[in-house]
Amino acid sequence: MIEILDPAELPRAKAAGALVADILQTLKSRSAVGTNLLDIDRWAKQMIAEAGALSCYVDYAPSFGRGPFGHYICTSVNDAVLHGLPHDYALADGDLLSLDLAVSKDGVVADSAISFLVGDAKPQESVALISATERALRAGIAAAGPGARIGDISHAIGSALTEAGYTVNTQFGGHGVGSTMHQDPHVPNTGRPGRGYKLRPGLLLALEPWVMADTAELVTDADGWTLRSATGCRTAHSEHTIAVTDDGAEILTMPKH
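For every chain, the first residue of its written sequence is number 1, and the numbers climb from 1 along that sequence. pLDDT decides what is reported in this predicted model: residues at 70 or higher carry local features, side-chain atom pairs at 80 or more are listed and counted, and totals for whole chains, interfaces and linings draw on all residues regardless. The basis for the side-chain values is all heavy atoms of the structure; hydrogens and waters are excluded.

(A) Spatial organisation of the environment of S31. Working definition: helices are DSSP H or I runs of at least four residues, strands are E runs of at least two. Numbering for both runs from the N terminus. Relative to the helices and strands, S31 resides in the loop between α1 (10-30) and α2 (37-50). S31 gets classed as buried once you look at its relative accessible area, which sits at 8%. Along the primary structure S31 and L97 are separated by 66 residues, whereas in three dimensions their C-alpha atoms are 9.0 Å apart. Between two residues, a contact is recorded if the distance between any of their heavy atoms is within 4.5 Å. Excluding residues that lie within four positions of it along the chain, S31 makes contacts with I40, L91, L97, F116 and V118. N or O atoms within 3.5 Å of each other form a polar contact, as long as, within protein, one can give a hydrogen and the other can take it, and as long as residues adjacent in sequence are counted only when both atoms are side-chain atoms. A distance of 2.7 Å separates a polar side-chain atom of S31 from the backbone oxygen of L27. Here's how the labels work: a residue is buried when its accessible area is under 20% of the maximum for its type, exposed when over 50%, partly exposed in between, all with a 1.4 Å probe on protein chains only.

Take a look at the structure:
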């Protein structure tokens, strides 16, 4: 299913995006050496409830997961890249933490992810990983607009990642959002320009380049959810929800500062 928002619905989409961005930035500011992943999940739950929003994750039970997710945010550390299940782990100096959050507010979903380093240590490889996903995300957004096609976005994202020296996994990628979290069209993180669904104003897309330092192979953790690099290398993930407009694309999950 592909949903196209009426222009009158865009303010609700913007409100949902602003909420997701605000929660992620608050969680980033609170994530320090010694912070427990379960505390991050608890804070996310509290902020979602206080905003009168709904979690897209807590009851989420897709075919690739093991039962309902049961938590309010994905917390992926170091070699974990996607769907990181919060657990009893205290963050250490130099950990690479990715937070992925999707909420529904007033019937519209927004989805975003950020990756950052905890504490004072700044391993060069980790900085490069994060930077590559952020550049790829900007490239994908720049390629989105009315008349463009999904393949244009995918090609822009994939080109940025491969130019940075990384291989691209296509098992998971971006997607449409609207009244639900995962909708068509699928947005792979690599592709051919000029191919795929033609973008229209009112389409909401979650673009999410992610990368692993030295592999394109994923393995599933024993928890049945967390996806890790097969080699144990570090990973990073960046995501924004955008709205296709008459003029291009508007980022709905951009932080205020």
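(B) How the structure looks around helix α4 (residues 150-163). To estimate the expected span of a helix, count its residues, drop one, and scale the result by 1.5 Å. Compared with the 20 Å implied by 1.5 Å per residue over 14 residues, the 20 Å span of α4 between its first and last C-alpha is a close match. What α4 keeps buried is the set I150, G151, I153, S154, A156, I157, G158, A160 and L161. Considering only its buried residues, α4 is in contact with α3 (124-142), β7 (183-187), β8 (204-207) and β9 (210-212). Once α4 finishes, G165 follows within two positions and takes phi at roughly 100 degrees, a positive value.

(C) Local environment of the nonpolar core. In this text, buried Ala, Val, Leu, Ile, Met, Phe, Trp, Tyr and Cys residues form a nonpolar core when linked through side-chain atoms within 4.5 Å. In this structure, L129, I153, L199, L205 and L207 are the most contacted members of the largest nonpolar core, which totals 34 residues. Counting residues per element, the ones that place at least two in this core are β3 (80-82), α3, α4, β8, β9 and β13 (240-244). With six residues, α3 is the single largest residue contributor to this core. Aside from chain neighbours lying at most four places away, what touches L205 is I150, I153, H175, G176, V177, P185, V187, L199, H240, T241 and I242. Counting residues in hydrophobic clusters, the runner-up holds 26 residues, among them W43, I73, V103 and A110.

(D) View of the side chain of S104. If you trace the backbone, S104 turns up in strand β4 (residues 96-105). Exposure remark for S104: the relative accessible area of 15% places this residue in the buried category. Residue contacts for S104: discarding those within four places in its chain leaves A53, L54, C56 and V109.

(E) Structural context of the packing of α1 against α2. For the pair α1 and α2, the least separation of the axes is 10 Å and the interaxial angle reads 145 degrees. Where α1 crosses over α2, the two elements pack in a sense that is right-handed. From α1, I23, T26, L27 and R30 reach across to α2, where they touch I40, W43, A44, M47 and I48. The nonpolar class holds Ala, Val, Leu, Ile, Met, Phe, Trp, Tyr, Cys and Pro. Asp, Glu, Lys and Arg form the charged class, and all remaining residues, Gly among them, are polar. When its residues are assigned to classes, the contact of α1 with α2 shows seven nonpolar, one polar and one charged. Angles run from 0 to 180 degrees between N-to-C directions of axes, and those axes are lines fitted to C-alpha atoms, restricted for helices to the stretch in contact. Crossing chirality is assigned from the near helix's rotation relative to the far helix, an anticlockwise turn below a right angle marking it left-handed and a clockwise turn marking it right-handed.

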